[in-house]
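# Inside the fold
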Amino acid sequence: MNTLIDIVVFTMLVTTALAVVRTHSLFATVMLSGVFSLLSALLFVTLDAVDVAFTEAAVGAGISTVLMLGTLALTARSEKPSSHSPLIPLLVVLVTGAVLVYGTLDMPAFGDALAPAMTHVAPDYIARSPAEIDVPNIVTAILASYRGFDTLGETAVVFTAGMSVLLLISGRRITRAEAEKGATGNAKGTDDAIGDGSDET
Amino acid sequence: MMFAAAMILLFAAMVLVLVRLYRGPTLYDRVLAVNAFGTHTVLFIGIHGFLNDRPDFLDIALLYALINFVGTIAVLKFFRYRKIGDMSPLARREETGL
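This one's a predicted model, so the numbers in the text were calculated from it and none came from an experiment.

Reading guide: rules and limits
Residues numbered from 1 in each chain as written. Chains lettered and ligands numbered in written order. Predicted model: local features only at pLDDT ≥ 70, side-chain atom pairs only at ≥ 80, totals over all residues. Heavy atoms only, no water. Salt bridge = Lys/Arg side-chain N within 4 Å of Asp/Glu carboxyl O. Helix = DSSP H or I, 4+ residues; strand = E, 2+ residues; numbered from the N terminus. Buried < 20%, exposed > 50% of the residue type's maximum accessible area, 1.4 Å probe, protein only. Polar contact = N/O pair within 3.5 Å; in protein donor to acceptor, adjacent residues only side chain to side chain. Contact = heavy atoms within 4.5 Å. 1 Å grid on protein atoms, 1.4 Å probe; cavity = no way out; pocket = protein on both sides within 12 Å on 5 of 7 lines; lining within 4 Å. Points joined across faces, edges and corners; volume = space filled by probe spheres on them.

## A short note on the pattern of salt bridges
Residues and elements named next belong to chain A.
- Scanning all chains against the criterion turns up 3 salt bridges over all chains.
- With its nearest N and O atoms 2.9 Å apart, the salt bridge here joins R128 to D124. Of this pair, R128 and D124 both sit in helix 6 (residues 122–132), 4 residues apart, which is roughly one turn of the helix.
- For R128, a relative accessible area of 33% corresponds to the partly exposed category.
- R128 serves as the salt-bridge partner of E132, at 3.3 Å between the closest nitrogen and oxygen. Placement of both E132 and R128 in helix 6 is noted, with a separation of 4 residues, approximately one turn of the helix.
- In this structure, a network of salt bridges that share partners links the residues D124, R128 and E132.

This is the structure:
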């Protein structure tokens, strides 16, 4: 049954990717990429990686869709015809895909207990974390306790990036105040340029 | 056995929704299709959990339902106001008359 689930979900994933390529309405492309993200989240769920799946769904189907719609509000709504031949991008994609598949050939099998990642420090964590941390989820124990400083550094990076984006966006607020104080006649033009994306960050 | 049958029927429903998403003549068909597919994602996580006798991830399925709701609201707000962030008081006054 699990093999059948994998086959069906992968088929829907490939079909959605082909539909993204073939659609010319950019709005439909945004909707299709949201569904693509949900389908890859389903594949992560079948691999028992629910945290990765949830990140994929929140970022891919949630934030990305909203950001791309905000971009669509500023740009055109249908795709321009491509000026170059699609053969070179197709070749690049095929070569990259072949290299990636080649890279998986000497990987250990899925769920292999003798894989190098499973024999190095993993038994130590499995043995120690129930007594030392007492959290049912060992991944949480490693992330938040054993590698707490690492996670703190990651959070600092994300916080800095968010602050920078907020500073960059809030520079436009002054323009809006000036625009509303100055000209009310061309309010339509300024409306398109301001107020997009600041809430989503 | 029941859960396997439910999973197969869920896949059938997913395919029907995807067909509407690909072909959908209007934009609203596509928004509704994405929303329905989000609901199918929630159902998939539930059925997949019971199928493997480990229904530990039902709370995560609830989070998917929340994301689906907020995302649909964002898309519909984009339709109505042509933008998603906060609106200038001028535009809000034009829309609502307040």
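Now that the structure is up, let's keep going.
## Quick look at the side chain of T23 of chain A
Residue and element names in this part refer to chain A.
- As for its position among the elements, T23 is in the loop between helix 1 (2–22) and helix 2 (26–46).
- Within the local environment of T23, its side chain forms a polar contact with the backbone oxygen of A19, the two atoms lying 2.3 Å apart.
- Sequence-distant contacts of T23, that is, excluding residues within four places in its chain, are made with A28, T29, L32 and E79.

## Let's talk about empty space enclosed by the protein
- Tallied over the full model, the rule gives 4 cavities of 30 Å³ or more.
- Looking at the largest cavity, its volume works out to about 210 Å³.
- Lining the largest cavity are 16 residues, with A61 of chain A together with V34, N68, G71 and T72 of chain B sitting closest to its centre.
- At the level of elements, helix 2 and helix 3 (50–74) of chain A together with helix 2 (27–51) and helix 3 (58–81) of chain B are the ones that each hand at least two residues to the lining of the largest cavity.
- Of the residues forming the lining of the largest cavity, the biggest block, 6 residues, is contributed by helix 3 of chain B.

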